Amino acid sequence: MMRRFAAWVTLFALLPCTVYADWQHREAAVMGTRIAVEAWHDDAAVAGAAIDAVMAEMHRVDALMSHYKPESQLSRVNREAAAGPVPVAPELAALIARALEFSELTGGAFDISYASVGYLYEYREHRRPTEAEIEAALPAVDWRSIEVDRQASTVRFLRPGMRIDLGGIAKGYAVDRGIAILRAHGVAHGTVTAGGDSGILGDRRGRPWVVGIRHPDDPDRVIARIPLEDAAISTSGDYERYFEEGGVRYHHILNPRTGRSAAGVRSATVIGPDATLTDGLSTSLFVLGVERGLALVNAREDVDAVIVRDDGRVFYSKGLEPPRDE
Ligand code: ADP
Ligand code: MG
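Thresholds applied
- Residues numbered from 1 in each chain as written.
- Chains lettered and ligands numbered in written order.
- Predicted model: local features only at pLDDT ≥ 70, side-chain atom pairs only at ≥ 80, totals over all residues.
- Heavy atoms only, no water.
- Donors = N, O, S within 2.8 Å, 3.2 Å for Na, K, Ca; no water.
- Helix = DSSP H or I, 4+ residues; strand = E, 2+ residues; numbered from the N terminus.
- Buried < 20%, exposed > 50% of the residue type's maximum accessible area, 1.4 Å probe, protein only.
- Near = heavy atom within 4 Å.
- Polar contact = N/O pair within 3.5 Å; in protein donor to acceptor, adjacent residues only side chain to side chain.
- Areas by Shrake-Rupley, 256 points an atom, 1.4 Å probe, with all protein chains shown as cover.
- Nonpolar A, V, L, I, M, F, W, Y, C, P; charged D, E, K, R; others polar.
- Domains from an automatic or database assignment.
- Pairing = 2+ DSSP bridges.
- Contact = heavy atoms within 4.5 Å.
- Axes fitted to C-alpha atoms, helices over the stretch in contact; angles between N-to-C directions.

(A) Local environment of the coordination of the magnesium ion (ligand 2). Looking at the magnesium ion (ligand 2), the protein donor atoms are Asp279 (O), Asp279 (OD) and Thr283 (OG1), and they sit 2.0 to 2.3 Å from it. Separated by 4 residues within a single helix, Asp279 and Thr283 lie in helix 8 (residues 275-298), roughly one turn from each other. Here Thr283 falls in the buried class, since its relative accessible area comes to 14%.

Here it is in structure tokens:
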């Protein structure tokens, strides 16, 4: 009896592996976040090699663009660009230029130079700047003072005390690189996730991928499920990095105009064709708020959005509104 039970357990444990042998899945911690990659290929070894290459790419992008790593090109820019043009990889110059396009599009709600004041916050240590420190740092928050020369591949700051941080866009960029790598390996179905940013390649072999948007206060509760194929989705939330003090939540998305955490929104999700776009826009929408955020999204054909306001009400862009019968 005992024996049969053991055999049954073994068979049960093996079954999923047999059925899903061609789906490969891996997770790693890179860029200060959770990276997850799934890929399907007739030849499991091909899918495995593709995932290895995606993970290597995550480390490469992190080494280039991390502001935590003193030896990254981005850190060098932050140290030296106020003194003169700093040579950078064309890829980094291009992403900074892309970030400036988001600033233009959002009237400065998205601004990678938010970091000029952002660096004064230490969420883990519950540290935040004083009013005086914010006022002193704010003049250096000014995306128009970031000069990118794409020809020469250099970056220069036109103000002293400036810093940039690509945290609002680099994970989306890394996801897009990951999806391109899966494709180049011949993978036609897969996903690449970096924290709140996901790229979806193809479908789930006959079914769409279904991505859940979590409740801001409960990681296990889903407020909406969105079926996706060949798309990207990003969520920015006030629950990612924060501390609370006197009933106020100090979180990691700052309003560049005030140097303080953006208020009014709990989470902003954007769905679109690529993750660099959805990442930049999700951070933007968080700062813009419901009205201006939805106006921006509804004026475009290529993106949709779900915004959870601070009173818990959920807003959808036109493309996601359930059809009304009249
Ligand atoms: P995450 O997945 O880390 O929540 P988000 O896409 O929500 O990423 O972006 C949050 C990050 O964006 C912050 O940690 C910071 O690095 C950066 N950031 C914060 N405020 C702004 C802003 N106003 N403009 C551009 N980037 C910002
Ligand atoms: Mg973002």
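What follows picks up the thread again.
(B) Structural detail: the site of ligand 1. In the neighbourhood of ligand 1, 19 residues make up the surrounding shell, with Ser236, His252, Leu254, Asp279 and Thr283 lying closest. Side-chain polar atom of Ser236 to an oxygen atom of ligand 1: 2.7 Å apart, as the coordinates give it. Leu254 has a polar backbone atom sitting 2.8 Å from a nitrogen atom of ligand 1. Starting from 560 Å² of accessible surface for ligand 1 in isolation, the protein chains cover 97%. Per element, the largest residue contribution to the shell around ligand 1 is 3 residues, and it comes from helix 8. Looking at the shell around ligand 1 residue by residue, the classes come out as 7 nonpolar, 6 polar and 6 charged. Formed jointly, the shell around ligand 1 draws a minimum of three residues from each of two domains, domain 1 (2-64 + 171-320) and domain 2 (68-157).

(C) Structural detail: the pairing of strand 2 (residues 33-40). Within strand 2, 6 of the 8 residues are buried, which leaves the element mostly enclosed by the surrounding structure. In this structure, strand 1 (residues 23-30) lies alongside strand 2, joined through 8 bridges in antiparallel fashion. Opposite Arg26, over in strand 2, you have Val37 as the bridge partner. Hairpin connection of strand 1 to strand 2: 2 residues between the antiparallel strands, including Met31 at a positive phi of 60°. Of the pairings in the sheet, the one linking strand 2 to strand 6 (residues 189-194) comprises 6 bridges and is antiparallel in character. The residue bridging Val37 from the neighbouring strand is Val192, located in strand 6.

(D) Up close: the pairing of strand 8 (residues 209-215). The pairing of strand 8 with strand 9 (residues 218-228) spans 7 bridges and is antiparallel. Counted as the bridge partner of Trp209 is Leu228 from strand 9. In this antiparallel pair of consecutive strands, strand 8 and strand 9, the connection spans 2 residues.

(E) Layout of the sheet that holds strand 5 (residues 154-157). Taking strand neighbours across the sheet as the criterion, the 3 strands line up as 3-5-4 in an open arrangement whose pairing is antiparallel. Sheet topology places strand 3 (86-87) and strand 4 (146-149) at the edges, where each strand pairs with a single neighbour. In this sheet, strand 5 lies alongside strand 3 in antiparallel orientation, the contact comprising 2 bridges. Considered in strand 5, the bridge of Val86 is made with Val155. In this fold helix 4 (residues 90-105) packs onto strand 4 and strand 5, with an angle of close to 135° to the strand it touches most, strand 4.

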